[in-house]
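Coordinate analysis (summary)
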Amino acid sequence: MDRAGPAARTGGLSSCTGGSAPCGLFATGSRPSCRAACPCALDAPSDTGGASAPPADTAFAAIEAAIGAAHGADASGFAWLDRSEDALRWRVALIDSARHSIDLQYYLWHGDDAGKLLIEHVLAAADRGVQVRILIDDLNTLLAASGDVPSGDPLVVLIDVHPRIELRLFNPWRKRTLLGRAREMLSRLRRLNQRMHNKALIVDDQAAILGGRNLGDNYMGLHDAFNFHDLDVIGIGPVARQTRAAFDAYWTSRRAVSVSALKLAAPAADVQALRRQLQRPSPVLCTLRDLPLQARSWTAELQVLASRLRIGAARVVWDPPRDGGIEHRMAGHMYDFVGRAQRELLIVNAYVIPEQRTVDTLATLKARGVDIRLLTNSLASHDVPAVNSHYGPWRKRLREAMNGLHEMRHDAAIQGPVVDTPPRRAGFVGLHSKCMVADRQRVYVGSMNFDPRSAKTNSEMGVLIDSPALAEDLAGLIERDLQPANSWRVEVDAAGRLSWTHDRTTVGRQPARNAWQRVLDLVFRLAPRELY
């Protein structure tokens, strides 16, 4: 789930990535194997923050050089990461391919199988000399993770002791126990309620992954209860330096506190035990054919990627940290993107709690002849029923302000080929994507939900790309998801009654997986919408 904030369900997880110490605990060497264990429409590009030119000897240098020679110095190459397995695989590929630097900025990094795989590959990169910076929101660092990977402060210490990894926690808890955090929440609610919701991976200042995914099993198709349908974009070129500039703004902000400043403690024996646990491959990881436990060369895959990149001009946008807080700009960027649509606007957003301005903007576009379609979660596919509780009263107005309103099916046909990573088969599917395509020309993908928390409380980021080919690709993905095998079509009849239709049936009551969801939907209507 992705509802950043103390009022949200936090199920599971925490900060992670591995580290190493000069004592030999993190020395390079073999790791246990499974066998052993079993341009015109965009404003000027964002300020790059004075970033220097990337090194010339990276795994991505030739790709960027070819793009620049053919399309100009401001062009980048992009490809969508639609399948959950591909999202995890390409993160591993970029980390394994790093030669100089890795920057990771995430709201959540679960200590589960997907988290463990990424930890091991980051450790391997640091062991071979790559400088790693990790910035994680500190909301959930205490909670126990699923699987056999430990989480919490001992793991944070494990990461931070590596001589080539620096870990900072955004808006950290000063009190590290559960009781201490409860007291701190009461005394510092306003500060602690504001979370860093950004999501980015940057490698060698030349390759980046941006989008909606956090790092964990639910986001990579490996959970057995439910998995998210999500979307990222991989970019090679100047877009990586723009993303690095956004990272640097947070890295140097007052809210980003180094682990050493927090004076966290963990006995040396505990650190060694954690390292051994992290090195143990789980049965789930051993079943993944295309996701190696050990670092390897990805040269062949990068050559294939280069041949299918879509070229475009990008602008990375974010809410900049200011004076110990956040300057909220992302809502303005979203309204600007939407308002420029001339013919068609396709929107996918997992968490929608609109305001009247939203409805008025869409209605104006529709009156102008713009074909507008929106896909969001149904109650059945939702992991945060409170959002549905406050979205529900807006359904009729939203439907009337656009040409098509669709809600994700929890049993969507794309679960097998797109959402779940074989051999996993989850109980249901939930939507987590946040993307838009306008006029088959411009696209947006990022972390921002269409709700009060994203607009006014948390920090968010994303990327705007002008690329007809990339836009056509995204439109195809969205139209697939709008098919009745994957989503419900919401309609309003002349009497104002709502109905939900898919390829097999029509119902007059919002779809739910069970009665308990309907109870929660009613209960959370009593809570203030601003919490979500």
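What you see is a predicted model, and the numbers here were worked out from it, not measured in a lab.

**Observations regarding a nonpolar patch on the surface**
A cluster of nonpolar side chains, namely Trp-516, Val-519 and Val-523, defines an oily patch on the protein surface of about 300 Å² accessible area. By secondary structure assignment, the location of Trp-516 is in helix 19 (residues 515-523).

**As for the environment of Pro-55**
Here Pro-55 shows up in the loop between helix 1 (34-37) and helix 2 (61-71). By relative accessible area, which is 27% here, Pro-55 ends up partly exposed. When the C-alpha positions of Pro-55 and Asp-205 are compared, they lie 8.1 Å apart, and in sequence the two are 150 residues distant. Discounting chain neighbours no more than four positions away, the residues touching Pro-55 are Ala-61, His-100, Asp-204 and Gln-206.

**A word on helix 8 (residues 238-251)**
Helix length check: helix 8, at 14 residues, gives a terminal C-alpha distance of 20 Å against a target of 20 Å (1.5 Å per residue), a fit within 8%. Three or more residues of helix 8 are buried, namely Pro-238, Val-239, Ala-240, Arg-241, Gln-242, Thr-243, Arg-244, Ala-245, Ala-246, Phe-247, Tyr-250 and Trp-251.

**Focus: the pattern of salt bridges**
Applying the stated criterion across every chain yields a total of 34 salt bridges. Notably, a salt bridge pairs Arg-395 with Glu-407, separated by 2.7 Å at the nearest N-O pair. Placement of Arg-395 in helix 16 (residues 395-400) and of Glu-407 in strand 15 (residues 404-408) is noted, with a sequence separation of 12 residues between them. For the pair shown, Arg-395 and Glu-407 are each scored as buried.

**So, the nonpolar core**
Counting 62 residues, the largest nonpolar core has Trp-80, Leu-135, Val-437, Val-443, Val-463, Leu-474 and Ile-478 as the members making the most contacts within it. Those residues in contact with Leu-135 that lie beyond four places of it in its chain are Leu-104, Gln-105, Tyr-106, Arg-168, Leu-169, Phe-170, Met-196, Phe-247, Tyr-250, Trp-251 and Ala-256. Counting 60 residues, the second-largest nonpolar core is a separate cluster that includes Leu-88, Val-92, Leu-167 and Leu-291.

**Details of the packing of helix 3 (residues 84-97) against helix 12 (residues 299-308)**
Contact geometry of helix 3 with helix 12 gives a least axis separation of 12 Å together with a crossing angle of 115 degrees. Relative to helix 12, helix 3 is oriented so that their crossing is left-handed. Contacts between helix 3 and helix 12 pair Arg-89, Trp-90 and Ser-97 from the former with Glu-301, Leu-302, Leu-305 and Arg-308 from the latter. Taken together, the residues of the contact of helix 3 with helix 12 break down into three nonpolar, one polar and three charged.

**Regarding the packing of aromatic side chains**
Counted under the stated rule, the structure contains six aromatic pairs. Between Phe-247 and Trp-251 the ring centres are 5.5 Å apart and the planes differ by 20 degrees, which places this aromatic pair in the stacked class. Note that Phe-247 and Trp-251 are positioned in helix 8 at a spacing of four residues, about one turn of the helix. The exposure class assigned to Phe-247 is buried, which follows from its relative accessible area of 0%. Centre to centre, the rings of Phe-524 and Tyr-532 are 6.4 Å apart; their planes meet at 80 degrees, and the pair counts as edge-to-face.

**Observations regarding the confidence of the model for the chain**
Do not read the predicted coordinates in detail wherever pLDDT is low. For the chain, mean pLDDT is 86; residues scoring 70 or higher make up 82% of the total. Low confidence marks residues 6-50, where pLDDT is under 50. Its contacts with residues over four positions away, or in another chain, come to 141 contacts. Across residues 142-151, confidence stays below pLDDT 50; counting only partners more than four residues off in sequence or on other chains, it has 31 contacts.

**Describing the pairing of strand 14 (residues 371-377)**
The buried fraction of strand 14 is high, at six of seven residues. Bridge analysis of strand 13 (residues 344-349) against strand 14 gives five bridges, and the strand direction is parallel. Within the sheet, the bridge partner assigned to Leu-346 lies in strand 14 and is Arg-373. You can see the chain leave strand 13, run along helix 14 (residues 356-367) and come back into strand 14, and the turn it takes is right-handed.

**Some points on the side chain of Asp-521**
Secondary-structure assignment places Asp-521 in helix 19. With a relative accessible area of 3%, Asp-521 lands in the buried category. Side-chain polar atoms of Asp-521 contact the side chain of Asn-388, separated by 2.9 Å. Not counting chain neighbours up to four residues away, the residues in contact with Asp-521 comprise Leu-379, Pro-385, Asn-388, Ser-389 and Gln-510.

What counts and how
Residues numbered from 1 in each chain as written. Predicted model: local features only at pLDDT ≥ 70, side-chain atom pairs only at ≥ 80, totals over all residues. Heavy atoms only, no water. Patch = residues over 30% accessible without salt bridge, like charges linked within 9 Å, V, L, I, M, F, W, Y side chains within 5 Å. Areas by Shrake-Rupley, 256 points an atom, 1.4 Å probe, with all protein chains shown as cover. Salt bridge = Lys/Arg side-chain N within 4 Å of Asp/Glu carboxyl O. Helix = DSSP H or I, 4+ residues; strand = E, 2+ residues; numbered from the N terminus. Buried < 20%, exposed > 50% of the residue type's maximum accessible area, 1.4 Å probe, protein only. Contact = heavy atoms within 4.5 Å. Expected span 1.5 Å × (residues − 1). Core = buried A, V, L, I, M, F, W, Y, C linked by side-chain atoms within 4.5 Å. Axes fitted to C-alpha atoms, helices over the stretch in contact; angles between N-to-C directions. Left-handed = near helix turned anticlockwise from the far one by under 90°. Nonpolar A, V, L, I, M, F, W, Y, C, P; charged D, E, K, R; others polar. Phe/Tyr/Trp six-rings, centres within 6.5 Å; stacked < 30°, edge-to-face > 60°. pLDDT = per-residue confidence, 0-100. Pairing = 2+ DSSP bridges. Right-handed = clockwise from strand over helix to strand, strands pointing away. Polar contact = N/O pair within 3.5 Å; in protein donor to acceptor, adjacent residues only side chain to side chain.

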